[in-house]
Amino acid sequence: MVTKLTPFPIETLLIVDDSPLQRLHTVGLMRDLGVEMIYEAGDGHEALELLALLRLPPSLVIVDLEMPGMDGVEFIQQLQARNLHFPLIVASSRERSLLASVETMIEALGMHVLGALQKPLNQEKLLGALNSSGSNLSLPQKDPNLPTITEAELAAAIRNHEIIAYYQPKVDIRTGMLKGVEALARWIHPQAGMIPPNHFIPLAESSGLIHELTLSMFEQAMAQAALWNERGLSLKVAVNLSPLSLDIPSFVQKVSDLLAQHALLAEQIVLEITESSVVANLGSALGALARFRLKGFGLSIDDYGTGFSSMQQLARIPFTELKIDRSFVHGAHARQNLRVILQSALDMAKRLELVTVAEGIETIEDWRLLQDSGCTLGQGYLIAKPMLPSELPIWLKGHHRRLAELRPQQDAANGTGGADHDN
């Protein structure tokens, strides 16, 4: 008998696919549909190991059929054998008859299949499958003011310096003092105004323009760091690194040349790498990251916690910082499962002697939890939104007036914790 499930909120998602680019594509589609907590695995074996570790199991599993190691069919059979019943969507570029056969198999196993979809996936296909459960999801409304972007327009925007770096502060969780910033790309379009990164970064990656964009962001961030240094404000500056740039043989040297040009120490620059970034071309990627670390650059594993590959990456790469994904931070004060995952990540990072950064802090309750949990740095709208560099001194003056509010309550009562220098 086929298991009947009531309509469910998609709180957590597991994507099982051996292609990092396919996983990235599916993650983007599901994030646009409002799913924040997304786990990733590269094959069936990895997915089963991940499921054994999770305190918060997935509400939905999207599984590719063709994978090395353990393929999608065997993975689904293993789920049934272990009595793990999650709503499933299967996906493959193979013929429809094969997909239909797998869908029938899943139903015969007494498991719940929402759909068997041909790749490439898109939002319409996913919504059709999800709404078969009664979820009543809809496509996100597109901003009518955002223009349709062509590759030529994006190339011109990078060349004409229309895509600029905004900076979001990172502060010491204990004292609230400013310690660094993250550089974030924003496109200031001459007609449309501000264009958010999720509207142009996918095109940059698919068109190959991401390399030029990444180097532009490094150049802007380093020039700004040098200017802040001259003004007595020494901050660590984090720049997001596209995994595609790690395949460029000259990339490490170009970034090093920019560092020398602006007379900066490598220790002042942190490269943020998403945890699935180095899977596709492991040899060249590890070589590039090792060279960056030898030169003294900081390496941060970004969005930590959203994929089983996290553990593998921590073992392979000489990271100096662990950045915990906002899906494990936002609302953690009110949800025990999130608190357990968050504390586990912080404890592990402490044993590995890594700086920890929590992103997505939006409430004082989550801020207090992070203080009690031993996190090093915090970032999020509770502290500040991304801003132009000219706005940072103004924000900093106002932020100093909030330090008593942000300090641990015991320290605030004793009148301690506010004497730190903010660099």
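Above this text sits the structure in question.
Keep in mind the model is a prediction, meaning the values are calculated, not measured. (Residues numbered from 1 in each chain as written. Predicted model: local features only at pLDDT ≥ 70, side-chain atom pairs only at ≥ 80, totals over all residues. Heavy atoms only, no water.)

S.K.: What's the story with the overall build of the protein in this structure? I'm lost.
M.R.: Secondary structure summary: the protein contains 16 helices and 14 strands in total. Residues counted as buried form 52% of the 423 residues belonging to the protein. For the protein, long-range pairs separated by at least 24 residues make up 71% of all intrachain contacts whose partners lie at least 6 apart in sequence. Surface summary for the protein: the accessible area is close to 19,000 Å², and the carbon and sulfur share equals 53%. (Helix = DSSP H or I, 4+ residues; strand = E, 2+ residues; numbered from the N terminus. Buried < 20%, exposed > 50% of the residue type's maximum accessible area, 1.4 Å probe, protein only. Contact = heavy atoms within 4.5 Å. Areas by Shrake-Rupley, 256 points an atom, 1.4 Å probe, with all protein chains shown as cover.)

S.K.: Even after reading the chapter, I still don't get empty space enclosed by the protein, so can you show me in this structure?
M.R.: Sizing a probe to match a water molecule and rolling it over the atoms shows the empty space that remains. As enumerated under the stated definition, the model contains 1 cavity of 30 Å³ or more in all. Size it by volume and the largest cavity reaches roughly 60 Å³. Lining the largest cavity, in full, are I15, V16, D17, Q22, T26, I62, V63, D64, A91, K119 and L121. For the lining of the largest cavity, the secondary structure elements donating two or more residues are strand 1 (12-16), helix 1 (20-32) and strand 3 (60-64). Looking at which element gives the most residues to the lining of the largest cavity, the answer is strand 3, with 3 residues. Here the lining of the largest cavity is composed, by residue class, of 6 nonpolar, 2 polar and 3 charged. (1 Å grid on protein atoms, 1.4 Å probe; cavity = no way out; pocket = protein on both sides within 12 Å on 5 of 7 lines; lining within 4 Å. Points joined across faces, edges and corners; volume = space filled by probe spheres on them. Nonpolar A, V, L, I, M, F, W, Y, C, P; charged D, E, K, R; others polar.)

S.K.: What is the right way to read the packing of helix 12 (residues 336-351) against helix 13 (residues 364-373) from this model?
M.R.: Any two packed helices are characterised by the angle at which their axes cross and by the distance between the axes. Two elements in contact, helix 12 and helix 13, have axes separated by 10 Å at closest approach and are oriented at 40 degrees. Considered as vectors, helix 12 and helix 13 are oriented oblique to each other. In this structure, helix 12 crosses over helix 13, and the sense of that crossing is right-handed. Every residue of helix 13 that contacts helix 12 at R339, L342, Q343 and L346 is listed here: L369, L370 and S373. Among the residues forming the contact of helix 12 with helix 13, the class breakdown is 4 nonpolar, 2 polar and 1 charged. (Axes fitted to C-alpha atoms, helices over the stretch in contact; angles between N-to-C directions. Parallel < 35°, antiparallel > 145°, perpendicular 65-115°, else oblique. Left-handed = near helix turned anticlockwise from the far one by under 90°.)

S.K.: How do you make sense of the packing of aromatic side chains when you look at a structure like this?
M.R.: Centre distance and the angle of the planes are the two values used to describe a pair of aromatic rings. Inspection of every chain in the model, using the stated rule, returns 6 aromatic pairs. Measuring from centroid to centroid gives 5.3 Å for Y167 and W228, while their planes differ by 75 degrees, and the two rings are edge-to-face. With a gap of 61 residues between them, Y167 in strand 6 (residues 163-172) and W228 in helix 8 (residues 210-230) connect regions that are remote in the sequence. Like Y167, the residue W228 is buried in the burial classification. (Phe/Tyr/Trp six-rings, centres within 6.5 Å; stacked < 30°, edge-to-face > 60°.)

S.K.: Just to check I follow, could you spell out helix 6 (residues 151-159) for this structure?
M.R.: Note: α-helices contain 3.6 residues per turn, so residues at a spacing of three or four share the same orientation. Along helix 6, the residues that are buried comprise L154, A155, A156, A157 and I158. Its buried side turned inward, helix 6 meets strand 6, strand 7 (178-189), helix 7 (201-207) and helix 8. Looking one or two residues past helix 6, H161 carries a phi angle of roughly 60 degrees, positive in sign.

S.K.: Honestly, the sheet that holds strand 5 (residues 113-118) in this entry has me stumped. Any pointers?
M.R.: Working definition: the strands of a sheet are paired by backbone hydrogen bonds and lie parallel or antiparallel to each other. Spatial ordering of the open sheet is given by 2-1-3-4-5, a layout of 5 strands whose pairing is parallel. On the outer flanks of this sheet lie strand 2 (37-41) and strand 5, each paired with one strand and no other. Direction aside, the axes of adjacent strands within the sheet are offset by 15 degrees on average. Sheet strands touched by helix 3 (residues 72-81): strand 1, strand 3 and strand 4 (88-92). Its angle to strand 3, the strand with the most contacts, is close to 145 degrees. Sitting on the sheet, helix 4 (residues 96-108) is in contact with strand 4 and strand 5, with an inclination near 165 degrees to strand 5. (Pairing = 2+ DSSP bridges.)

S.K.: Could you clarify how one ought to interpret the pairing of strand 1 in this entry?
M.R.: Regular strands place their side chains on alternate faces of the sheet. Counting buried positions along strand 1 gives 5 out of 5 residues, so the element sits mostly inside the fold. Every second residue of strand 1 is oriented toward a common face, with T12, L14 and V16 on one face and L13 and I15 on the other, all of them buried. Note that strand 1 and strand 2 share 5 bridges and pair parallel. Note on strand 2: the bridge partner recorded for L14 is Y39. Crossover strand 1 to strand 2 through helix 1 is right-handed. (Right-handed = clockwise from strand over helix to strand, strands pointing away.)

S.K.: I keep staring at the nonpolar core and nothing clicks. Help me out?
M.R.: If you look at the biggest cluster of nonpolar residues, it comprises 111 residues, and the most contacted ones within it are F75 and F218. Among the elements that make up this core, the one with the highest residue count is helix 8 (10 residues). Once residues lying within four places of it in the same chain are set aside, the contact partners of F75 are V16, G44, A47, L48, L51, V61, V63 and M70. Grouped together as the second largest cluster of nonpolar side chains are 20 residues, I10, A91, L126 and A129 included. (Core = buried A, V, L, I, M, F, W, Y, C linked by side-chain atoms within 4.5 Å.)

S.K.: Would you mind showing me how to read the side chain of D366 here?
M.R.: The residue D366 is located in helix 13 in this model. With residues up to four places along the chain from it excluded, the contact list for D366 reads V329, H330, G331, A332 and H333.

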